[in-house]
Amino acid sequence: MPKRIDVLICGGAACLSSHSDEVRAAIVREIEAHGLGKEVRVVETGCMGPCELGPVMVVYPDGAFYIRVSPQDAREIVEEHFLKGRPVQRLLWETPEARRIIEERKQVPFFAKQKKVVLANCGLIDPENIEEYIAADGYTALGKVLTEMSPQEVVEEIAASGLRGRGGAGFPTGRKWKFVADAPGSVKYVVCNGDEGDPGAFMDRSLLEGDPHAVIEGMTIAAYAVGASRGYIYVRAEYPLAIKRLKIATTAARGMGLLGEDILETGFSFDIELRMGAGAFVCGEETALIASIEGKRGQPRPRPPYPAVQGLFERPTLINNVETFGNIRHIILNGADWFRSIGTEASPGTKVFALSGKVINTGLVEVPMGTTLRELIFGIGGGIPDGKEFKAVQTGGPSGGCIPAEHLDTPIDYESLQALGAIMGSGGVIVMDEDNCMVNLARFFLEFTASESCGQCVPCRVGLPAMLEILERISRGAGRPDDLDRLEQLAETVQRASLCGLGQTAPNPVLSTLRYFREEYEEHIREGRCRAKVCTALVRYWIDPEACRGCDQCRRACPVEAISGTPGKPPYVIDEGMCVRCGTCREVCPFSAIEILDRR
Amino acid sequence: MDAVQIDNPKFRELERIIGKYRTIDGPLIEVLHKAQGIFGYIPPEVERFVAKELKIPLSTVHGVVTFYNFFRTQPQGKHVINVCLGTACHVKGASRVVEILREELGIGIGETTKDGRFTLTAVRCVGACGLAPVMMIDDEVYGRLDREKIKKVLAEYRE
Ligand SMILES: Cc1cc2nc3c(=O)[nH]c(=O)nc-3n(C[C@H](O)[C@H](O)[C@H](O)COP(=O)(O)O)c2cc1C
Ligand code: FES
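Note that the structure is predicted; figures quoted are calculated from it, not measured. (Residues numbered from 1 in each chain as written. Chains lettered and ligands numbered in written order. Predicted model: local features only at pLDDT ≥ 70, side-chain atom pairs only at ≥ 80, totals over all residues. Heavy atoms only, no water.)

For the rest of this paragraph, the subject is the overall build of chain B. What chain B contains, in helices and strands, is eight helices and four strands. Dimensions along the principal axes, computed over C-alpha positions, put chain B at roughly 50 × 30 × 25 Å. Across the 159 residues of chain B, 52% fall into the buried class. For chain B, the proportion of contacts with a sequence separation of at least 24, taken over those separated by at least 6, is 60%. Put simply, chain B shows about 7400 Å² of open surface, and 51% of that area lies on carbon and sulfur atoms. (Helix = DSSP H or I, 4+ residues; strand = E, 2+ residues; numbered from the N terminus. Buried < 20%, exposed > 50% of the residue type's maximum accessible area, 1.4 Å probe, protein only. Contact = heavy atoms within 4.5 Å. Areas by Shrake-Rupley, 256 points an atom, 1.4 Å probe, with all protein chains shown as cover.)

This brings us to the sheet that holds strand β4 (residues 140-142) of chain B. Residue and element names in this part refer to chain B. Read from one edge to the other, the open sheet built from four strands follows the order β2-β1-β3-β4, with strand pairing classed as mixed. Looking at the sheet topology across the chains shown, the edges are occupied by β2 (118-123) and β4. Within this sheet the neighbouring strands show an average axis-to-axis angle of 25°, counted without direction. Of the pairings in the sheet, the one linking strand β3 (residues 135-137) to β4 comprises three bridges and is antiparallel in character. Across the sheet, M136 pairs through a bridge with V141, a residue of β4. Taken strand by strand, helix α7 (residues 94-105) contacts β1 (79-84), β2 and β3, and its axis lies near 150° from that of β1. (Pairing = 2+ DSSP bridges. Axes fitted to C-alpha atoms, helices over the stretch in contact; angles between N-to-C directions.)

Glancing now at the domain arrangement of chain B. You can read the domains of chain B as domain 1 (3-67) and domain 2 (79-158). Measuring from the centre of the C-alpha atoms in domain 1 of chain B to the corresponding centre in domain 2 of chain B gives 30 Å. (Domains from an automatic or database assignment.)

A word on the packing of aromatic side chains. Residue and element names in this part refer to chain A. Applying the stated criterion across every chain, the model contains 14 aromatic pairs over all chains. Ring centres of Y189 and Y232 lie 6.0 Å apart, and the angle between their planes is 50°; this geometry places the pair in the tilted category. Within this pair, whereas Y189 is found in strand β5 (residues 189-194), its partner Y232 is found in strand β6 (residues 230-235), the two being separated by 43 residues in sequence. Y232 shares its class with Y189; the two are buried. Among the aromatic residues, those joined into a ring-pair cluster are Y189, Y232 and F313. (Phe/Tyr/Trp six-rings, centres within 6.5 Å; stacked < 30°, edge-to-face > 60°.)

What follows deals with the packing of helix α7 (residues 151-161) of chain A against helix α13 (residues 322-334) of chain A. Residue and element names in this part refer to chain A. At a closest axis distance of 10 Å, the pairing of α7 and α13 adopts a crossing angle of 100°. Considering their axes alone, α7 and α13 lie roughly perpendicular with respect to each other. On α13, the residues touching V154, E157, I158 and S161 of α7 are I328, I331 and I332. (Parallel < 35°, antiparallel > 145°, perpendicular 65-115°, else oblique.)

The next thing to look at is the pattern of salt bridges. Residue and element names in this part refer to chain A. What the rule picks out here adds up to 43 salt bridges over all chains. The residue E209 makes a salt bridge to R205 at a minimum N-O spacing of 2.9 Å. One end of the pair, E209, and the other, R205, are both in helix α9 (residues 203-210), four residues apart, so they sit about a helical turn from each other. Of the two residues, E209 and R205, both sit in the buried class. Salt-bridge contacts for R540 lead to E576; the nearest nitrogen and oxygen are separated by 3.3 Å. Remark: E576 occurs in the loop between β17 (569-574) and α24 (584-588) and R540 occurs in strand β15 (residues 539-543); sequence separation between them is 36 residues. Counted as one network, the salt bridges with shared partners bring together E519, E523, R529, R531, K533 and D598. (Salt bridge = Lys/Arg side-chain N within 4 Å of Asp/Glu carboxyl O.)

What follows concerns the interface of chain A and chain B. Chain A puts 59 residues into the contact, and the matching count from chain B is 37 residues. Across the chain A to chain B interface the summed buried area is about 3800 Å²; carbon plus sulfur atoms make up 54%. Across the chain A-chain B interface, the total number found is three salt bridges. For the salt bridge of E587(A) with R96(B), the shortest nitrogen-to-oxygen distance reads 2.7 Å. Summed over the shared surface of chain A and chain B, the result is 26 residue pairs in polar contact (both at pLDDT 80 or more). Breaking the side of chain A that touches chain B down by element, the ones donating at least two residues are α1 (13-17), β6, β8 (268-276), α12 (286-293), β10 (350-357), β14 (428-433), α17 (438-452) and α24 of chain A. Element by element, the count of residues in the side of chain A that touches chain B is highest for α17(A), at seven residues. Taken together, the residues that form the side of chain A that touches chain B break down as 28 nonpolar, 17 polar and 14 charged. (Buried area = accessible area lost by both parts, 1.4 Å probe. Polar contact = N/O pair within 3.5 Å; in protein donor to acceptor, adjacent residues only side chain to side chain. Nonpolar A, V, L, I, M, F, W, Y, C, P; charged D, E, K, R; others polar.)

Residues and elements named next belong to chain A. Strand order in this open sheet of four strands is β2-β1-β3-β4, and the pairing throughout is mixed. The open sheet has two edge strands, β2 (40-45) and β4 (64-66), and neither has a second partner. In this sheet, adjacent strand axes meet at a mean angle of 20° when their direction is disregarded. As paired elements, strand β1 (residues 5-10) and β2 share six bridges and run parallel to each other.

Quick look at the site of ligand 1 now. All names here are of chain A. Near ligand 1 there are 18 residues, and of these G167, K176, N320, N321 and T324 occur at the shortest range. In the environment of ligand 1, an oxygen atom lies 3.4 Å from a nitrogen or oxygen atom belonging to the backbone of R166. Between an oxygen atom of ligand 1 and a main-chain N or O atom of G167, the distance comes to 2.7 Å. Against a free-state accessible area of 610 Å², the protein chains account for coverage of 89% of ligand 1. If you list the elements that add at least two residues to the shell around ligand 1, you get β9 (317-321) and α20 (501-505). (Near = heavy atom within 4 Å.)

Every other side chain in a regular strand lies on the same face of the sheet, so the side chains alternate between the two faces. All names here are of chain A. When strand β7 (residues 260-263) meets β8, the two strands line up antiparallel, connected through two bridges. Each bridged residue has a counterpart across the sheet, and for I263 the counterpart in β8 is F268. If you look at the hairpin formed by β7 and β8, you'll find four residues sitting between the two strands, and L264 has a positive phi there, around 50°.

Let us look at the nonpolar core. Core analysis: the largest hydrophobic core is formed by 113 residues, its most contacted members being V154(A), W177(A), V190(A), M219(A), F270(A), L376(A) and I377(A). Excluding its chain neighbours within four sequence positions, the residues that come into contact with W177(A) are V154(A), V155(A), I158(A), A222(A), A225(A), V226(A), L318(A), N320(A) and I328(A). Counting 67 residues, the second largest nonpolar core, distinct from the first, contains Y234(A), C283(A), L446(A) and Y68(B). (Core = buried A, V, L, I, M, F, W, Y, C linked by side-chain atoms within 4.5 Å.)

So, on to the environment of N440(A). As for its position among the elements, N440(A) is in helix α17. Separated by 320 residues in sequence, N440(A) and A120(A) have C-alpha atoms that sit 38 Å apart. Leave out the neighbours within four places in its chain, and N440(A) touches V534(A) and H90(B).

This is how it looks when you write it as structure tokens:
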């Protein structure tokens, strides 16, 4: 029975952490208390996207979008909105520029510029209820494939769609499926890569949590196409909610004959096992992931042989990313031509991005390929907060690169990003402003890759720490004139000689920042200056005597007693020899009297 | 099981679980996850027990335990604070969060307070980048951290 009002409360990770579950409980309580149980339906959904504003909820049919809802707001929402039909204005989402209250979900710019294909169900259906998925055309594509199409036709349809792997490299999915389908052998596997190792990305997590059946359906279609009967979903252990929802989903699908023996009574059998990762970035690499499922140390091995020929337990194995599988059912249902009508010639379809960093609207977004970085950051993202200047955007995580302002009009597709020295990667997009130091960022990524190197091959194991040492030196102001050349030489060696993708791509963040922000590196080396005031060895703290009122707060807060002064008798002074530049004084000063200056 | 282990309900629980997992392909990592769930960490005697029960060389078990960041070989404090050092959090000042926690708790990453109440560890992205900078205490995520909020949250766990 349709209800008069549908309330969708976001149960994504970010909203849960701001206690959307308590909000939901409070709303349900108030609905019961007002006898509206028969008229209002409350659904907990996967991530809706605008995580920054959580807990968020949407009320249909009005399309009212509530943000930062607290349990205390529940009564007002139920009484005013659900009973009297007057949306609670103070909780509605307002745009930052105009502070204009927008009531319709479809008019909110964050959503208006997006095109939801993969995420179509996320935030709309209850991911723990298979019937809602089925009501949204779920498992229709599987039915069509099993009853109307030969495995070969499925492979051809996916190939014709031009879908490319969403896990980073962009390999044509149809081609990969054909390799596995053609590989000799009676036992084959389908593996879903849900390791999502990029430290700043949560697209796959949101899809697994928000629409787990879409991934399961995509895998099952793939299994039929390549002739596999067993599948594995490998999920990071850091994603317990995704694991829980996948368990619920696979059990429900099995219960309805959509997974397991004799699916839909067609004689086709396929089942899926879940495997938990254990916190190693390199396990996102396909051969390492296979080793990990086998219960071993997650060390990559040279390819060929490719997993398509010799993969899991030495059998032909199809490995695709979560989002890649999420696209499959849409292509089967709507056709390859429809898919090609979205995005660009060489990169059809949409891409999901996790937008974060120094941008007003953070969260999950899905846009057609070919959307420009500017539209993504300034249109959907709403631009840079606090009136700061945009400096760079980082895509592709530790394997990717930084793109400066002059290339903001670049369309987002595999080739364009690569031409700029970045990569599409799995979809992490981190925006940086003038307060971020590019040397520091390069060092951050290199610290990450150096510590995640599996240690098997020498270029990666020895080369990355050597590069890191140079970057640390530069951050300390002890850089040498030939350091940048040495950095570049090392980077090229590591790129060329490393065994797996981790080492081959790890120098990218260094090379791209060197390419676009070389003068910032040179400033560090030649002038001992960090213009973003991030590298602590190159700055000093200073109390502006004009602004200091002698309140004594900084002196009390300083952990090393580097500040002296008498209450009520400004100015206070910082002993630069003792100061450890922790920044505590600046945080506590009520008069913004403490400034960070260049050391020299 | 030796005599001590038979009397220990934790080992009996682990033995039961291993019985269930023995038949799956490549069970080691799954079993270690369960073992850590039961014991809180993976001490040497658990490594030995798992090796014997699964008939896998001890060196292999140890190799796997040390390869993966998720497995711990030391006991943890009552509450585990995971500071996110992912990219989004880094860009928004995660190093300040570590600094503030160090001042508040007197411990660095990988250490446990003397009273055994808190262990401080680091993670790379908990998938709540929109709320950066972020930390997790046990299973709870705390976002948009600054000094004031960190102090407030810690106070709740000190009670
Ligand atoms: C160091 C490294 C980490 C990777 N991490 C991931 C990951 O987290 N998720 C993912 O889907 N692919 C990751 N990949 C890519 C996989 O090796 C593989 O190409 C991908 O899962 C194939 O799926 P696709 O064709 O659908 O993209 C990684 C590769 C490397 C070299
Ligand atoms: S980087 Fe900290 S939550 Fe993603």
